Structure formats: structure tokens, C-alpha cells
Amino acid sequence: MAPRQKAKMMTFLCFISVFLFVFPSFASPTLLFQGFNWESWNKAGGWYNFLQNSVSDIANAGVTHVWLPPPSQSADNWGYMPGRLYDIDASKYGSQAELKSLINAFHQKGVKCVAEIVINHRSAESRDNRGIYSIFEGGTSDDRLDWGPSFICKNDTYSDGTGNPDTGVDYEPSPDIDHLNPRVQKELSDWMNWLKTEIGFDGWVFSLAKGYAPNITKIYMDQTSPDFAVGEKWEDFLLGQNEDSHRGDLKDWVQAAGGVVKAFDFTTKGVLNASVHGEFSRLKDSNGKPPGMIGLFPQNAVTFIDNHNTGSTQNEWPFPSDKVMQGYAYILTHPGVPSIFYDHFFDFGLKDEITKLVVIRNRNGINATSSVNIMASDSDLYMASIDDKIIMKIGPALNSCSFLPITNLEIIITMDLGNRVPSNYQLATSGNDYAVWEKK
């Protein structure tokens, strides 16, 4: 390149850098979308083919990453007891060609795809000479991922393995894999990199991340370099008893896993579930910050309202169905990386309302590390200013008639939704018991 061309190029790159710094909202913050539910495996014609029809709607909502179900052959319908990891054609969700076509369709829209990775355990293909299921088949013509009893943790409750002790919690329905085995680490990393190069995936959701030590997660992060990764570390949540330790454990896991991988913010999920039942005072901790992981380590927190386990047809820990939009009004205006659930977006008919909130988030550059100034946290009202750019409220009332400072401005909160806000703010969107204002 000629010196003059180099100079022009450097000037252009400098302009772009300054532009993105001054106008951060043009670089969309990360937004995750869970692109399946618990019944997706049973969709007539295959889930991958069906989801093709929704690619545009998902992309137009400002989604940057779509989370897809476990892709491999599995002993169960859902993909959570995988066996032949390279055998994508045997998945209940569709064929390898259909999966690649779906991923390509998302990529054409600028949306990256994240695979749920189930590596804590595997379903064996056949029995060994003891009659125990402990012989694994990788799904290829060679011996990749073809393992035996020595690859199973020796204290596993399902199968009497001869490997190292388990470094995490036991998963009783399938043999737990010995992740301290160098061959396991290499061959699983090779498979994950194959999912990137051959299938087109860009990142991972680490399923049952507490099944092995966080330093094991770091190994797979280092060896696969995902664009985005989040771990599912779901621990018991005791409302009003362990919020601080619960979110602290999530932070500790992230840091022990190398500090790059994110974690689903189950603490925020638990507190928010309860708060919308007239307990909005729970949404402020003793330091005046959000009570979940987003109040402690927001840059690595992935917030969500429901997923295929907590909601869908499993309903293990569902968000109150009549208050779902209050939940999204919270996570889509607050720090962390929000995740939208397929069921809410499509089946609940909330696509337009959720998309409006995403547009406001992106327009104002709200991101994973945005600052929160909690203005009110009472029994029936939560109100906050985020980055001094937007104001949001959830709850059935604005029950304070007091003056509240916002960056040297005073606002009067009155009882109805037409309340006066600073003159340089205007209502951006509102719905059942939620509202968001932004600066004009």
C-alpha cells in the first residue's frame, strides 16, 4: 500500500474509533436470545427448519447471539444425555445440513450462534465385559471420542469408572466424564472447534457447569476461543437468606474459570421473581445497588426471565406469567447481558413490546457495565436511572410524592403514569405496570 493510501486508511480508522467512542450506541451491546424451549425437539418437520421462519424477526429485534439446543445424538429427546458427539444427523432437532443452513441464515443477518455444550457426562454406546454401560462411540470412522471405563470418574454413581475423582457434582442418569484426563480435554476441545469450523457455531452455553471444576471450563475456553460463552451454574436460592453468597459464588466461579466466560444471573432471577409480587424493596441491596450478580460483577452476568428449565413445559421456577413484561423492563434497561426467551417473544405475543425495550437500550448505549441509580424501591414501586440516560419504573404505582434528585434536577413523582419527569425526558414506552423514559 502506498504511503498516501496508508495515511488515508489510518485517518479513516482513527475516525471510526473516535466515532464509536463518542457514539457508543451505534455498536449494539450483546443481547442473547434462547432459540428453543423444552418441546422444540418434537416440532413437526424439525426445529431447525421451523426456526428458519423466525430468523428475520429475531435479528430485527436487535439480537446479537442466538442460543441453540445441544446439537448431538443423545439418549434422550432433548440432547442432554449426548453420546455420539460428532453425529449431528441423529439429533431430534434436525439434520446437520439443516443446522448449518439455520446458522448460515442467522449469520447472513449478522447474528451469531451459540451451542449448548453438554460435556459433564455422556451416554455410553454399549456395555463393557462387566455388563456396565461404559463404552463410548464418538460418531466418526476413527477413534475420536471412543472412550472406555478409564474415562469415567472413579466415584461416579452411574458407572464404576476408573478415572480420576469427579471435580464437581455428580450427574446420576449418565456417566460423569473425567475432565482431568488429557485425552478428554484434547478430544472435547477438538470437537468444539469442529463445531465452530464445520458447523458454524460462534460460542458456547456450558450446561451443568457445576458438574466439573471451573478451571476445567477455563481449559475449554482457552482451547476454543469462543466469541461468547456463558455457564449454567444453578445453585439453590433462598430468598432473603443467601442473595449475597449466591451471587458471590457466581462471581467466584467466573473468576476461577478465567474471567472471560459469563454466568447466568440466577440471583437476579430469584429476587425479581419475588419482587413483582409487591416486594420491590428487594431490588436494592444494602449498598444501594441491584441485589443480583449485576450489582456485583455485571460485566460477566447474563440476566434472564425464564429458560427451558425454569419456564416452558417444565416450569421448575417460572416467572409470574402476568408480570413478564415487568421482568423484561428491568433486565433490558439494566447492566449485564440480557437474554430473551423464545416462549415470551413468540408464544406470549410480546415481540413488539420486547423489541421496543431493546431499541431503547441500544439507542442509549445501555450495556453490561452501565451504572444504576436506584431512585425508589418500595413495596409497589421500583424506579431507577441508568447511565443518566433513561429512567424506568416497574410496579403498579408511583407511590412517592417526594422530590427525587437526578443529576441536579428535581422531579415530582405523582400517582399516575402521566407523572412529571425532568423536562429533558420523554416517555419512550410503557405497558402494564412498567414505563421507560429517555432524554430528548
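The coordinates are above.
In this text, all values refer to a predicted model and were calculated from it rather than measured experimentally.

### Regarding the overall build of the protein
Part 1 of the argument: A count of helices and strands for the protein gives 11 helices and 17 strands.
Part 2 of the argument: Sequence-distant contacts in the protein: of pairs separated by 6 or more residues, those separated by 24 or more amount to 65%.

### Some points on the pattern of salt bridges
Part 1 of the argument: Enumeration according to the criterion identifies 19 salt bridges in this entry.
Part 2 of the argument: The partner of E235 in a salt bridge is K210, and the shortest N-O contact between them spans 3.8 Å. Here the residue E235 occupies a position in the loop between β7 (228-231) and α7 (243-256), and K210 occupies one in the loop between β6 (203-206) and α6 (214-224), the gap between them amounting to 25 residues.
Part 3 of the argument: Residue D322 is joined to K323 by a salt bridge in which the shortest nitrogen-to-oxygen separation is 3.9 Å.
Part 4 of the argument: A relative accessible area of 55% means that D322 is categorised as exposed.
Part 5 of the argument: Through salt bridges with shared partners, a single network forms among R84, D87 and E125.

### Quick look at the packing of helix α4 (residues 96-108) against helix α5 (residues 182-199)
Two packed helices can be described by the angle between their axes and the distance between those axes.
Part 1 of the argument: Two elements in contact, α4 and α5, have axes separated by 10 Å at closest approach and are oriented at 70 degrees. The angle between the axes of α4 and α5 places the two elements in the roughly perpendicular class. Contacts between α4 and α5 involve Q96, L99, K100 and I103 from the first element and W194, E198 and I199 from the second.
Part 2 of the argument: Here the contact of α4 with α5 is built from residues that sort into four nonpolar, one polar and two charged.

### A look at the side chain of N300
Part 1 of the argument: Tracing the chain through its elements places N300 in the loop between α8 (266-275) and β9 (301-304).
Part 2 of the argument: At 3.2 Å, the side chain of N300 and the backbone oxygen of G259 are in polar contact.
Part 3 of the argument: Among all residues touching N300, those that are not within four sequence positions of it are V254, G259, V260, V261, K262, A263 and M293.

### Quick look at the environment of K251
Part 1 of the argument: Residue position: K251 is located in helix α7.
Part 2 of the argument: Each C-alpha atom of the pair K251 and A263 lies 8.1 Å from the other, and the pair is 12 residues apart in sequence.
Part 3 of the argument: Aside from chain neighbours lying at most four places away, what touches K251 is M293, L296 and F297.

### Considering the packing of aromatic side chains
Part 1 of the argument: Under the definition given, this model contains 21 aromatic pairs.
Part 2 of the argument: Considering the side-chain rings of Y86 and W194, the 4.9 Å spacing of their centres and the 65 degrees angle between planes classify their relative orientation as edge-to-face. Residue Y86 is found in the loop between β2 (65-68) and α4, and its partner W194 is found in helix α5; the two are separated by 108 residues along the sequence. There is no split in this pair, since Y86 and W194 are both buried.
Part 3 of the argument: Ring geometry for F345 and F346: centres 4.9 Å apart, planes at 85 degrees, overall edge-to-face.
Part 4 of the argument: Its end group placed over the ring of W317, K269 keeps NZ or CZ at 5.6 Å from the ring centre.

### A short note on the side chain of T429
Part 1 of the argument: Tracing the chain through its elements places T429 in strand β16 (residues 425-431).
Part 2 of the argument: Residue T429 is classed as buried on the basis of its relative accessible area, which comes to 7%.
Part 3 of the argument: Beyond its immediate sequence surroundings of up to four residues, T429 is in contact with K356, L357, I360, Y434, A435 and V436.

How each quantity is defined
Residues numbered from 1 in each chain as written. Predicted model: local features only at pLDDT ≥ 70, side-chain atom pairs only at ≥ 80, totals over all residues. Heavy atoms only, no water. Helix = DSSP H or I, 4+ residues; strand = E, 2+ residues; numbered from the N terminus. Contact = heavy atoms within 4.5 Å. Salt bridge = Lys/Arg side-chain N within 4 Å of Asp/Glu carboxyl O. Buried < 20%, exposed > 50% of the residue type's maximum accessible area, 1.4 Å probe, protein only. Axes fitted to C-alpha atoms, helices over the stretch in contact; angles between N-to-C directions. Parallel < 35°, antiparallel > 145°, perpendicular 65-115°, else oblique. Nonpolar A, V, L, I, M, F, W, Y, C, P; charged D, E, K, R; others polar. Polar contact = N/O pair within 3.5 Å; in protein donor to acceptor, adjacent residues only side chain to side chain. Phe/Tyr/Trp six-rings, centres within 6.5 Å; stacked < 30°, edge-to-face > 60°. Lys NZ or Arg CZ within 6 Å of the ring centre and 35° of its normal.

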